[in-house]
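Topology and contacts: notes
Read off the chains here:
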Amino acid sequence: MNRIWHLYALYAVLGLGYTAVAPPTINKLVTAWFVRRRGLALSIASSGGALGELVLVPVAMASVTLTSWEASYRLLAILLVVISIPVAFLLRNRPQDMGLLPDGGAAAPAGQAKVEARDEGIRDALRSPAFWQLGLGFFVCGYTMSVVNVHFIPYATDRGLSEMLAAVAMGSIGLSSVVGSITFGVLSDRYGRKNFLALVYVLRGVAFGLLLWTHNAPQLFFAAAVLGVSWTATTPLTSALIADRYSLRRLGTIFGALFAFMPIGSGVGSALAGYLYDLTGGYTISFISNVAMGLLAGGVVFFVKEPARDLLTRRPVEARVAP
């Protein structure tokens, strides 16, 4: 690349590739295999990204420091080709394709076709207040995550910390993210989704408040740990809530439309943080906006109407019907 438009064109291609492996695709696949403990299954699947962040952010920073950013990109490309592509070919879309039922799914009575209790499409979802409430949450998720992805290390270095220490702290977000995501996944299977999803957004806002008071390494790692607890938990909780509410056959379309709010939020959040930094010379106003956004999303999501749950199985009543 030797022109700025080359960079934009490359990122457009990267965006298409990311879309193919983004949560709408992965969560649709995982949801098809699990009814019982669906929240836990989605949380484990989403934790892969967090583990990758834990390992690859420090590795990439060390590679850039020791070699060059060009060599670091080549290293990441090799890992994608050698690991990710072969694994993708091993996946199967549905257990029914192998003559199996989803874990916890019920077989249809003899002589009857399998019927879903709900068969809402995207139009029905768009008329539902819950769709827009969860969409606001995803916008805030993208808004806040992009600020961290783009500005976390510059913010830490502005506070007098080294780039390598900042990279390790950012990688540690992935570690606490695994713990948070799986914990909230287990709890959501037993006690419902939306209250824990609201709590996750509140924690996201609190984490940015802690970052505002960060002046040394222990404070930075503590803020990163709180941020990590809320980092990937939003997606599996939202996906499980959508699967509980809407048609499983339409889940890919509905969740894909809902997930579109996240990259919009990402674009706004990262660009606005950069603009405010150029305007004010710091991240204070930007981080305050992230605190407010997290608290707002938590309040809005708290009022999402959740499907009734079976008192014995603790599962949504509709989820007992096989897709």
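Residues numbered from 1 in each chain as written. Predicted model: local features only at pLDDT ≥ 70, side-chain atom pairs only at ≥ 80, totals over all residues. Heavy atoms only, no water.

1. Focus on the nonpolar core
Among the nonpolar cores identified, the biggest contains 57 residues, and Phe-138, Val-148, Phe-152, Ile-173, Leu-211 and Ile-242 are the most heavily contacted of them. Tallying contributions element by element places helix H6 (residues 129-158) first for this core, with 14 residues. When near neighbours in sequence (up to four residues on either side) are disregarded, Leu-211 contacts Phe-152, Tyr-155, Leu-220, Ala-223 and Phe-287. (Core = buried A, V, L, I, M, F, W, Y, C linked by side-chain atoms within 4.5 Å. Buried < 20%, exposed > 50% of the residue type's maximum accessible area, 1.4 Å probe, protein only. Helix = DSSP H or I, 4+ residues; strand = E, 2+ residues; numbered from the N terminus. Contact = heavy atoms within 4.5 Å.)

2. A word on the pattern of salt bridges
All chains considered together, the criterion is met by six salt bridges. Asp-97 serves as the salt-bridge partner of Arg-94, at 3.4 Å between the closest nitrogen and oxygen. For Arg-94, a relative accessible area of 38% translates into the label partly exposed. Ionic pairing is found between Asp-124 and Arg-127, a salt bridge with its closest N-O pair at 3.0 Å. A relative accessible area of 33% places Asp-124 in the partly exposed class. Counted as one network, the salt bridges with shared partners bring together Arg-38, Asp-189, Arg-193 and Asp-244. (Salt bridge = Lys/Arg side-chain N within 4 Å of Asp/Glu carboxyl O.)

3. So, the environment of Ser-177
Along the polypeptide, Ser-177 turns up in helix H7 (residues 163-191). Assessed through its relative accessible area of 0%, Ser-177 is described here as buried. For the pair Ser-177 and Ser-47, spaced 130 residues apart in the sequence, the C-alpha separation amounts to 7.2 Å. Those residues in contact with Ser-177 that sit more than four places away from it in its chain are Ala-50, Gly-228, Val-229, Trp-231 and Thr-232.

4. Examining the environment of Leu-272
Looking at the element boundaries, Leu-272 is found in helix H12 (residues 261-280). Along the backbone, Leu-272 and Tyr-143 are 129 residues apart, and their C-alpha atoms lie at a distance of 9.4 Å.

5. What about helix H11 (residues 251-259)?
Within the span of H11, buried status applies to Leu-251, Ile-254, Phe-255, Leu-258 and Phe-259. On an axial view of H11, the arc spanned by its buried residues comes to 130°, and they lie on one face. Packed against the buried residues of H11 are helix H1 (4-20), helix H2 (23-33), helix H5 (122-126), H6, helix H10 (234-245) and H12. (Arc of directions from axis to C-beta.)

6. What about the packing of aromatic side chains?
One pass over the full model with this rule turns up 15 aromatic pairs. On the basis of an interplanar angle of 50° and a centroid distance of 6.1 Å, the ring pair of Phe-184 and Phe-196 is categorised as tilted. Residue Phe-184 is located in helix H7, and its partner Phe-196 is located in helix H8 (residues 194-212); the two are separated by twelve residues in the primary sequence. Neither Phe-184 nor Phe-196 differs from the other in exposure class; each is buried. Each member of the aromatic cluster is reached from another via a ring pair, and the members are Tyr-155, Phe-208, Tyr-277, Tyr-283 and Phe-287. Sitting over the ring of Phe-302, Lys-194 keeps its end group 4.1 Å from the ring centre. (Phe/Tyr/Trp six-rings, centres within 6.5 Å; stacked < 30°, edge-to-face > 60°. Lys NZ or Arg CZ within 6 Å of the ring centre and 35° of its normal.)

7. Concerning the confidence of the model for the chain
Low pLDDT marks stretches whose predicted atomic positions should not be read closely. Looking at the chain, the pLDDT average stands at 85 and 90% of residues meet or exceed 70. Ignoring residues within four places in sequence, the model shows residues 109-118, a span with pLDDT below 50, making 21 contacts including any to other chains. Counting interchain partners and residues more than four positions distant, the pLDDT-below-50 stretch residues 318-323 has 21 contacts. (pLDDT = per-residue confidence, 0-100.)

8. Details of unusual backbone geometry
In this structure, Arg-37 takes a positive phi of about 55° despite not being glycine. Relative accessible area serves as the criterion here: at 47%, Arg-37 is assigned to the partly exposed category.

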